[in-house]
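For reference, the chains in residue letters:
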Amino acid sequence: MTEKTEKTEQKDTPGREPVRTELCADYSEEEAVAAPWSRAVEILASAELYWISTVRSDGRPHVTPLPAVWRDDRLHFCTGPGEQKAVNLRGNPRLVLTTGTNRWKEGFDLVVEGEARRITDDARLRVLAGAWREKYGSEWTFEVEDGHFGHGPGRAVVFEVAPVKVLGFGKGSPFSQTRWTFDTPDVQHVHLVHE
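Residues numbered from 1 in each chain as written. Predicted model: local features only at pLDDT ≥ 70, side-chain atom pairs only at ≥ 80, totals over all residues. Heavy atoms only, no water.

Digging into the nonpolar core
One recurring pattern in soluble globular proteins is that nonpolar side chains are buried together. Core analysis: the largest hydrophobic core is formed by 40 residues, its most contacted members being Tyr 50, Phe 77, Leu 97, Trp 132, Phe 149 and Trp 180. Counting residues per element, the ones that place at least two in this core are helix H2 (37-46), strand S2 (50-55), strand S4 (69-71), strand S5 (74-79), strand S6 (94-99), strand S7 (108-119), helix H4 (122-136) and strand S10 (154-161). (Core = buried A, V, L, I, M, F, W, Y, C linked by side-chain atoms within 4.5 Å. Buried < 20%, exposed > 50% of the residue type's maximum accessible area, 1.4 Å probe, protein only. Helix = DSSP H or I, 4+ residues; strand = E, 2+ residues; numbered from the N terminus.)

A few points about the pairing of strand S9 (residues 148-151)
Bridging between strand S8 (residues 143-145) and S9 involves three bridges; their strand directions are antiparallel. Residue pairing across strands places Val 144 opposite Phe 149, the latter belonging to S9. Counted between consecutive antiparallel strands, the loop separating S8 from S9 contains two residues, among which Asp 146 sits at a positive phi close to 50°. Relative to S10, S9 is paired through three bridges, and the arrangement is antiparallel. The partner of Phe 149 across the bridge, within S10, is Ala 156. Counting the residues in the hairpin turn of S9 and S10 gives two residues, including Gly 152, whose phi is positive at 65°. (Pairing = 2+ DSSP bridges.)

Examining helix H3 (residues 84-91)
Those residues of H3 not exposed but buried are Lys 85, Ala 86, Asn 88 and Leu 89. Buried residues in H3, looked at end-on, bunch into an arc of 160°, giving them a common side. Buried residues along H3 sit in contact with S2, strand S3 (61-66), S5, S6, S7 and S10. (Arc of directions from axis to C-beta. Contact = heavy atoms within 4.5 Å.)

Written out as structure tokens, the structure reads:
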């Protein structure tokens, strides 16, 4: 059995691959080539910190760091229901999540565009709670109840983001920019944020 087959069998949603991968030649050095999607997945799965960008109802942007989990070809994050990002997402589910390095001549940065969809199914949330604990350790142990993560006295709503477009920025020699685009994701097991 190949590694790719093993990973696919462990997923509870069908694997998503980009419908298009292209090198953005105008923003890349001549010897650059498009990065494979597998490189982006490796970074998304291993990154500890991401930056989420949402838009307030008056159009002003809001950006904040947060942990997230890559599972089943989607990024997942949680937040308190009254936090600014959650408030923003109720009005406009479109967002950007970024991760990478803060070095100029080394590393690989990613910008993920998509829509946040709230997950309310407790069985699915238990799987994700296990993924958080596995990635971040026992400090990130969540109880699941009534469509929320619980931690001490607090409750959090959980969202997933299936990428619609991802930009990858290779830094160093050669500098490159790769664009991956995707079909619209299926939403069978989630609810839209604004429902």
